[in-house]
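Single-letter residue listing:
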Amino acid sequence: MADDADVIVVGGGLAGLVAATEIADAGKHVIVVDQEGEQSLGGQAFWSFGGLFLVDSPEQRRLGIKDSHDLALQDWMGSAGFDRDEDLWPKRWAEAYVAFAATEKRAWLRAMGHRIFPIVGWAERGGYDAMSHGNSVPRFHVTWGTGPGIVEPFERRAREAEANGNLTFRFRHRVDALSITNGAVDGVSGVILEPSNVERGKSSSRHVIGEFTLRAQAVIVASGGIGGNHDLVRKNWPRRLGEPPGHLISGVPEHVDGRMIGITEAAGARLINRDRMWHYVEGIRNWSPIWPRHGIRILPGPSPMWFDAKGKRLPSPLFPGSDTLGQLQYITGTGYDYSWFVLTQSIIKKEFALSGSEQNPDLTGKSWRMTAKRATSKAAPAPVEAFKTHGADFIVRDNLDALVSAMNALAGDNLLQLEHLKAQIEARDREITNPYVKDTQVMNIHNARRYIGDRLIRTAKPHRILDPAHGPLIAVKLNILTRKTLGGFETDLNSRVFGQHGQIMPGLYAVGEAAGFGGGGMHGYRSLEGTFLGGCLFSGRNAGRAAAKAVA
């Protein structure tokens with residue numbers, strides 16, 4: 001039987017598009033199959049903030065940031081904490097990726113028309129020693145155009161390849177099995193779902209109208225992770241992060257269900273580090289949801305005070321923007337699955353951003369005029385103000401007594417005591433006017449203000465939380481938000497998948513989140529942020545180029 005294509009890519013997200021366009025550019029024919037409709041092309045990347053991890057970039061140098069490959073690799077390895085036998089390939093992928101981020105990554109994207117917002121963000125700041133978790137310097141480069149801006153160059157290349165006959169899209173094709181002949185993966189089979197014109201991200205019909213079988217010399221699995229499947233998240237939940245939360249909200253659409261991961265594993269692929277995952281603790285319920293249990297992550301600056309469900313301030317260095325999984329481990333260890341921010345209007349207007357392309361119309365729409373208002377407006381960005389007004393997790397009051405009463409009413413368990421919160425806030429307030437202090441969070445605020453990027457748009461001028469001039473007071477109930485799978489299929493640096501007995505499975509490749517963004521988990525235990533999209537780019541490019549060379 002003649003092949004339908006040279007290569008089949010399962011999944012039309014960012015990693016799949018990158019792989020497919022590299023194959024098409026090599027003159028090969030590639031078919032991209034996806035269970036969702038054409039309107040969902042680009043997958044999760046479309047919804048992202050568009051952050052990219054770059055090292056020693058022109059943007060960093062213009063802001064006075066001194067970065068280097070060696071410093072970035074030190075930060076990566078300190079955060080990853082590789083300590084397992086199966087970390088051989090993940091570690092090799094980490095080394096290769098940091099080198100990519102420090103060299104050709106920016107120029108490669110720029111040649112396709114990609115551009116970067118000039119202020120570099122400082123995510124996952126750590127707070128431990130120099131060899132532990134965290135970015136020593138700002139490295140979070142926001143795509144001008146956010147998520148759609150990172151998808152656009154590859155969608156454009158894909159459409160060009162489609163026009164010249166090198167690429168074919170098969171939307172609403174759900175893969176149910178991989179075919180294997182003489183030990184080599186040579187195709188996929190599954191069902192055709194009825195057409196769906198639901199809005200991007202909304203749950204689509206699973207009504208079957210037909211079947212399909214496709215053959216090729218290679219198959220690239222680019223199907224994403226498990227974040228939309230809470231049962232699977234809980235099943236794989238690591239005990240080191242406490243008990244699985246009873247209540248979760250979703251940072252990804254429902255179709256991010258891990259189904260293709262199970263199908264690929266059943267075909268003999270080796271899945272490693274499945275207990276490594278990345279979920280956020282600053283999740284808020286979307287007041288205008290698109291997908292089921294839709295949550296948004298707050299990207300906080302360093303100033304909000306953070307309290308657990310009983311009103312105890314989170315310990316140093318678990319401050320906003322410091323250590324996502326450290327915060328997650330602490331919060332689940334309290335026996336509750338939520339926590340609280342307490343802040344002021346002055347803080348929210350300067351420091352709150354919301355993750356997601358749809359929550360950042362200024363950056364997504366590439367409007368310099370709207371973006372400039374982040375630094376000059378007396379109000380928070382419009383999407384933040386909308387959450388403050390309509391969001392179920394936001395409370396706004398003029399005094400602490402009323403705020404704590406409303407917090408207890410929202411949580412429904414009356415765990416918070418006014419005097420306990422007041423004592424902690426007043427203690428912090430007594431330190432805030434001094435440039436030299438013992439409160440580590442206040443030290444962090446002063447440190448952030450030394451960086452021009454934070455001083456301009458991300459860190460409020462230090463002030464007392466209980467100063468009425470900076471009010472009203474605001475409390476935000478924070479939920480645990482599912483997001484990324486850090487483990488995945490073990491692959492070599494060409495993205496070829498290993499079988500369960502340690503042998504390469506001929507014809508099978510895995511990229512993006514399905515491969516733990518490379519190798520089966522190149523992040524190790526923790527991410528430095530801005531690395532998920534980059535992992536899709538790097539693994540997709542490696543797989544596409546390798547598969548194009550391998551096929552006849």
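This is a predicted model, so every value here is computed, not measured.

Cut-off values and rules
- Residues numbered from 1 in each chain as written.
- Predicted model: local features only at pLDDT ≥ 70, side-chain atom pairs only at ≥ 80, totals over all residues.
- Heavy atoms only, no water.
- Helix = DSSP H or I, 4+ residues; strand = E, 2+ residues; numbered from the N terminus.
- Rg over C-alpha atoms; globule rule 2.2 N^0.38 Å.
- Buried < 20%, exposed > 50% of the residue type's maximum accessible area, 1.4 Å probe, protein only.
- Contact = heavy atoms within 4.5 Å.
- Areas by Shrake-Rupley, 256 points an atom, 1.4 Å probe, with all protein chains shown as cover.
- Lys, Arg positive; Asp, Glu negative; His and termini not counted.
- Charge placed at Lys NZ, Arg CZ, Asp CG, Glu CD.
- Phe/Tyr/Trp six-rings, centres within 6.5 Å; stacked < 30°, edge-to-face > 60°.
- Pairing = 2+ DSSP bridges.
- Axes fitted to C-alpha atoms, helices over the stretch in contact; angles between N-to-C directions.
- Core = buried A, V, L, I, M, F, W, Y, C linked by side-chain atoms within 4.5 Å.
- Salt bridge = Lys/Arg side-chain N within 4 Å of Asp/Glu carboxyl O.

1. A word on the overall build of the chain
A tally of regular secondary structure across the chain gives 18 helices and 21 strands. Since a compact globule built from 552 residues should have a radius of gyration of about 24 Å, the 23 Å found for the chain is in line with a globular shape. Once the C-alpha set of the chain is aligned to its principal axes, its extents read approximately 75 × 45 × 45 Å. With 552 residues in all, the chain has 61% of them scored as buried. Within the chain, contacts between residues separated by at least 24 positions form 77% of all contacts whose residues are at least 6 apart in sequence. When the accessible surface of the chain is split by element, carbon and sulfur atoms take 50% of a total near 20,500 Å². Positive and negative side-chain charges in the chain, numbering 64 and 59 respectively, have mean positions lying 5 Å apart.

2. Side note on the packing of aromatic side chains
Inspection of every chain in the model, using the stated rule, returns 26 aromatic pairs. Ring plane angle 85° and centroid distance 5.4 Å describe the contact between phenylalanine 46 and tryptophan 47, whose orientation is recorded as edge-to-face. Phenylalanine 46 sits in the partly exposed class, given a relative accessible area of 23%. Their ring planes at 20° and their centres at 6.3 Å tell us that phenylalanine 49 and phenylalanine 140 sit as a pair that is stacked. Residue phenylalanine 49 is located in the loop between β2 (30-34) and β3 (51-53), and its partner phenylalanine 140 is located in strand β4 (residues 140-142); the two are separated by 91 residues in the primary sequence. There is no split in this pair, since phenylalanine 49 and phenylalanine 140 are both buried. Aromatic ring contacts, followed pair by pair, group Phe53, Trp76, Trp93, Tyr97, Phe100, Trp108, Phe154 and Phe538 into a single cluster.

3. Digging into the sheet that holds strand β7 (residues 184-193)
Here 3 strands make up an open sheet; going across it, the order is β6-β7-β8 and the pairing antiparallel. At either margin of the open sheet sits one strand with a lone partner, and together these are β6 (173-181) and β8 (208-215). The sheet shows a mean angle of 20° between the axes of neighbouring strands, taken without regard to direction. As paired strands, β7 and β8 are joined by 7 bridges and run antiparallel to one another. Bridged to leucine 193 within β8 is valine 208.

4. Examining the pairing of strand β21 (residues 504-510)
The buried fraction of β21 amounts to 5 of the 7 residues, a majority that puts the element mostly inside the structure. Pairing of strand β9 (residues 218-221) with β21 involves 3 bridges; the strand directions are parallel. Looking at β21, one finds that isoleucine 220 is bridged to tyrosine 509. One ladder, built from 2 bridges, connects strand β20 (residues 496-498) with β21; its direction is antiparallel. From the neighbouring strand, phenylalanine 498 faces β21, where its bridge partner is isoleucine 504. The antiparallel hairpin formed by β20 and β21 contains 5 residues in its connecting segment, where glycine 502 sits at a positive phi of about 90°.

5. Topic: the nonpolar core
In terms of nonpolar packing, the biggest core is built from 136 residues, with Ile220 and Val476 touching the most fellow members. Setting aside chain neighbours within four positions, we find valine 476 in contact with Ile284, Ile298, Ser339, Trp340, Phe341, Leu343, Phe352, Asp393 and Phe394. In this structure, Phe49, Leu63, Ala353 and Tyr451 belong to the second largest nonpolar core, which totals 16 residues.

6. Focus: the environment of asparagine 414
Tracing the chain through its elements places asparagine 414 in the loop between α14 (400-411) and α15 (418-431). Counting along the chain gives 10 residues from asparagine 414 to valine 404, while the straight-line C-alpha distance between them is 9.3 Å.

7. Quick look at the pattern of salt bridges
Under the definition given, this model contains 36 salt bridges. Note that arginine 139 and aspartate 67 form a salt bridge whose closest N and O atoms lie 2.8 Å from each other. With arginine 139 in the loop between α5 (105-110) and β4 and aspartate 67 in the loop between α2 (58-62) and α3 (69-80), this residue pair connects regions lying 72 residues apart in the sequence. With a shortest N-O distance of 2.8 Å, arginine 84 and aspartate 275 are connected by a salt bridge. Of this pair, arginine 84 sits in the loop between α3 and α4 (88-102) while aspartate 275 sits in the loop between β11 (271-272) and β12 (277-285), and the two are 191 residues apart along the sequence. We classify arginine 84 as partly exposed; its relative accessible area is 24%. Counted as one network, the salt bridges with shared partners bring together Glu22, Asp25, Arg157 and Arg545.

8. Considering the sheet that holds β2
An order of β5-β2-β1-β9-β21-β20 is seen for the 6 strands of this open sheet, with the pairing classed as mixed. If you trace the sheet from one side to the other, it starts and ends with β5 (167-171) and β20, each paired once. Taken over all neighbouring pairs, the strand axes of this sheet differ in orientation by 30° on average, direction set aside.

9. Points about the side chain of serine 250
Take serine 250: it is sitting in strand β10 (residues 249-250). For serine 250, a relative accessible area of 2% corresponds to the buried category. Sequence-distant contacts of serine 250, defined by excluding residues within four places in its chain, comprise Gly227, His230, Trp291, Pro292, Arg293, His294, Gly295, Leu481 and Thr482.

10. Re the side chain of arginine 483
On the secondary structure map, arginine 483 appears in strand β18 (residues 473-485). Buried within the structure, arginine 483 lacks any salt-bridge partner; its nearest side chain of opposite charge belongs to glutamate 529, at an N-O separation of 7.0 Å. Apart from the residues lying within four places of it in its own chain, the contact partners of arginine 483 are Gly227, Gly251, Val252, Trp278, His279, Tyr280, Arg297, Ser355 and Glu513.

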